[in-house]
Structures are given as structure tokens and as C-alpha cells.
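Commentary on secondary and tertiary structure
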Amino acid sequence: MIEIIGLKKSFNSKKVLDGVDLAIERGKITVIIGRSGEGKSVLIKHIIGLLRPDSGKILLDSKEITALREREFNELRKHFGMLFQGSALFDSMTVAENVGFPLKEHTGLHDDEVMKVVAEKLHRVGLVGIEGMMPADLSGGMKKRVGLARAIVMDPEIVIFDEPTTGLDPIMADSVAELMLETQRALKTTYIVITHDIQLTYKIADMVAMLHQGKIIAKGTVEDIKKNPNPVLKQFLEGSAEGPIKVY
Ligand SMILES: Nc1ncnc2c1ncn2[C@@H]1O[C@H](COP(=O)(O)OP(=O)(O)O)[C@@H](O)[C@H]1O
Ligand SMILES: [Mg+2]
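Conventions used here
- Residues numbered from 1 in each chain as written.
- Chains lettered and ligands numbered in written order.
- Predicted model: local features only at pLDDT ≥ 70, side-chain atom pairs only at ≥ 80, totals over all residues.
- Pairing = 2+ DSSP bridges.
- Helix = DSSP H or I, 4+ residues; strand = E, 2+ residues; numbered from the N terminus.
- Contact = placed C-beta atoms within 7 Å.
- Axes fitted to C-alpha atoms, helices over the stretch in contact; angles between N-to-C directions.
- Domains from an automatic or database assignment.
- Nonpolar A, V, L, I, M, F, W, Y, C, P; charged D, E, K, R; others polar.
- Buried ≥ 20, exposed ≤ 12 C-beta atoms within 10 Å, placed from the backbone.
- Expected span 1.5 Å × (residues − 1).

Observations regarding the pairing of strand β10 (residues 215–220)
Note that strand β9 (residues 207–212) and β10 share 5 bridges and pair antiparallel. When the bridges of β10 are listed, L211 appears paired with I216. The hairpin turn running from β9 into β10, its antiparallel successor, is 2 residues long, and Q213 in that turn takes a positive phi close to 45°.

Structural notes on the sheet that holds strand β1 (residues 2–11)
Taken in spatial order, the 4 strands of this open sheet run β2-β1-β4-β5, and their pairing is antiparallel. Strands at the two margins of the open sheet, each flanked by one partner only, are β2 (14–24) and β5 (63–64). Relative to β5, strand β4 (residues 55–60) runs antiparallel, the two being bridged by 2 bridges. By the bridge assignment for β5, L60 is matched with K63. Helix α1 (residues 40–47) contacts β1, β2 and β4 of the sheet and is inclined by roughly 60° relative to β2.

Considering the domain arrangement of the protein chain
Per the domain assignment, the segments of the protein chain are domain 1 (1–79 + 157–248) and domain 2 (89–156). A C-alpha centroid distance of 25 Å is found between domain 1 and domain 2. Looking at the side of domain 1 that touches domain 2, the elements with two or more residues in it are β7 (158–162) and α6 (170–187). The element contributing the most residues to the side of domain 1 that touches domain 2 is α6, with 5 residues. In terms of residue class, the side of domain 1 that touches domain 2 is made up of 7 nonpolar, 5 polar and 2 charged.

Quick word on the environment of V128
Within the secondary structure layout, V128 lies in the loop between α4 (111–124) and α5 (140–151). Classification of V128 as exposed rests on a count of 9 C-beta atoms within 10 Å. The spacing of V128 and K78 is 50 residues in sequence and 26 Å in space, taken between C-alpha atoms. Each residue touching V128, except ones within four places of it in the same chain, is listed here: L122 and H123.

Quick look at α5
Taking 1.5 Å per residue as the helical rise, α5 with its 12 residues ought to reach 16 Å, and the 16 Å between its terminal C-alpha atoms agrees with that figure. Summarising burial for α5: 9 of the 12 residues are buried, a large majority. Those residues of α5 that sit buried are K143, K144, R145, V146, G147, L148, A149, R150 and A151. Looking at the buried side of α5, the elements it contacts are β6 (80–83), α3 (95–106), α4, β7 and α6.

With respect to α6
The α-helix advances 3.6 residues per turn, and as a result positions three or four apart in sequence lie on the same side. The terminal C-alpha atoms of α6, which comprises 18 residues, lie 26 Å apart, in line with the 26 Å expected from a rise of 1.5 Å per residue. K188 sits one or two residues past α6 and shows a positive phi near 55°.

As for unusual backbone geometry
Of note, S62 is a non-glycine position whose phi angle comes to about 70°, a positive value. The topology assignment puts S62 in the loop between β4 and β5.

Set out below in C-alpha cells:
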């Protein structure tokens, strides 16, 4: 569905992406893992057109999206759902206003129709009757659920998750992982997840790719990457201070 080919991006003189090659399959969960600061967020910002590459390209259904104009990208973004790190809810809006926001922006639906879709999406993420609550009154796990409801409110073909479990306790993290699996399996949406959470990766990934020093250094199913002898990958999966990656 998505092909990333030779993608390079530097900031000032710092190389962040140094020739990323990766194919992302439709209807699957692809998890991109890597240490903090390796460029995972930078990579997905290229997929949604918030950043432009120095060289290389990204194809979506064989069409080069890195060549799109800003206006065309805005149109395309309606087919993407995004769950940002920290959920990125609008603090001054109710849950219903947050979830319904993309519908108000991009569709001509009337308020009562918006409310109907909002209730349906909240139900899908396991939340009922919280439409009038404010984000400040929600737990971290509930915020993630509301964020996911907003990400899927337009029935996107692709949902991108930036660190969906970071900052949650292990039990809440697991419940978010369960929810991601449930919603993906129910709707067969393409999920792209970036994370350094190994437990999450093992639980939900159909395909795993590791980003390290600007390149994808390993790729495969969970079984594949567990067997992969690459020492950098092994050190990361084991969460060990010992190995080729030096910790300062
Ligand atoms: N807009 C930007 N301008 C300059 N440097 C950036 C910008 N965005 C990201 N970076 C740098 O790129 C590197 C990778 O960042 P990021 O993709 O956020 O890492 P990750 O998501 O893997 O933790 C970091 O060193 C970061 O400081
Ligand atoms: Mg990041």
C-alpha cells in the first residue's frame, strides 16, 4: 500500500533519515521500532506530508505522494487518521467536540448526524455517555481512547499511532494495545505504529521494522525479528545496556 524508497532527511547538517526503504502492507499492523531520537516521528511526518524529504520518495497505491502540492496533501490527509503522542486533545473542547472535530471540518454533516457518529465511535473504543466530559477530567487511558475515536471518526484507510502507550502504566498500556487490536481486526484498517514499547510490538504487530541510524536495519514478523541475530536489534529487544549501542 505504501512504499518508502530511499528516503533521506537532514536537519541543518544532522542526518536523521539516511535512505529509509520500507513497504507497508494494506490491512495489517506495521510497527516501526527504534530508540528515542532515531527519527520515527520524522518518518511518519513524511508519510502525512508535514515534512518533505531531501531525496527519495513515498508511494501510496503506486502514486508518488511526496510530489503532491500542499492542497492535494490536505485532501489526502482526510484518508489518514492520526493518534498523536499525548493524544493531543483540545483542552477547551468536550469529548464530543473533540471526536466530532474532523467531521465538522471536512464534511457537511449536521450537528445531530455528527453526534450520532461520535457516539458510535466512542462506543467502538469502549466509552459510553462521556460526550460532555472535558479532557482534563479523563484518565490517561481514556484520553487515548478518545484520541483513537477521533482518529477513526472519518473512517480512514490508514491510522498512524505515535507512541500510543508512552506514559501509560503497564495495565493501561495493555488495554490500549487490546483496543488497537480489536479496532484493527474489526475494520481491517491499515495501522502504522511507531513505538519503543517492545511488549506492545509483540502483542499487536503483523510486521515489525527497526529504524536505526537513519535506516531500516531489520524487518519481519514478530517471530522473524525474535530470531534475527542482528546485534543492534537484539540489544534493543532485550533492553540491555550491553551491546553495540553505546549509552552515554
Ligand atoms: N523540525 C525539526 N528540526 C530540527 N530537528 C528536528 C526536527 N524534527 C526532528 N528533529 C530531530 O530529528 C531527530 C529525530 O527526531 P524524532 O523523529 O522526533 O525521534 P523519535 O520519534 O524517533 O524519538 C532528533 O534528533 C530531533 O531533534
Ligand atoms: Mg517520536
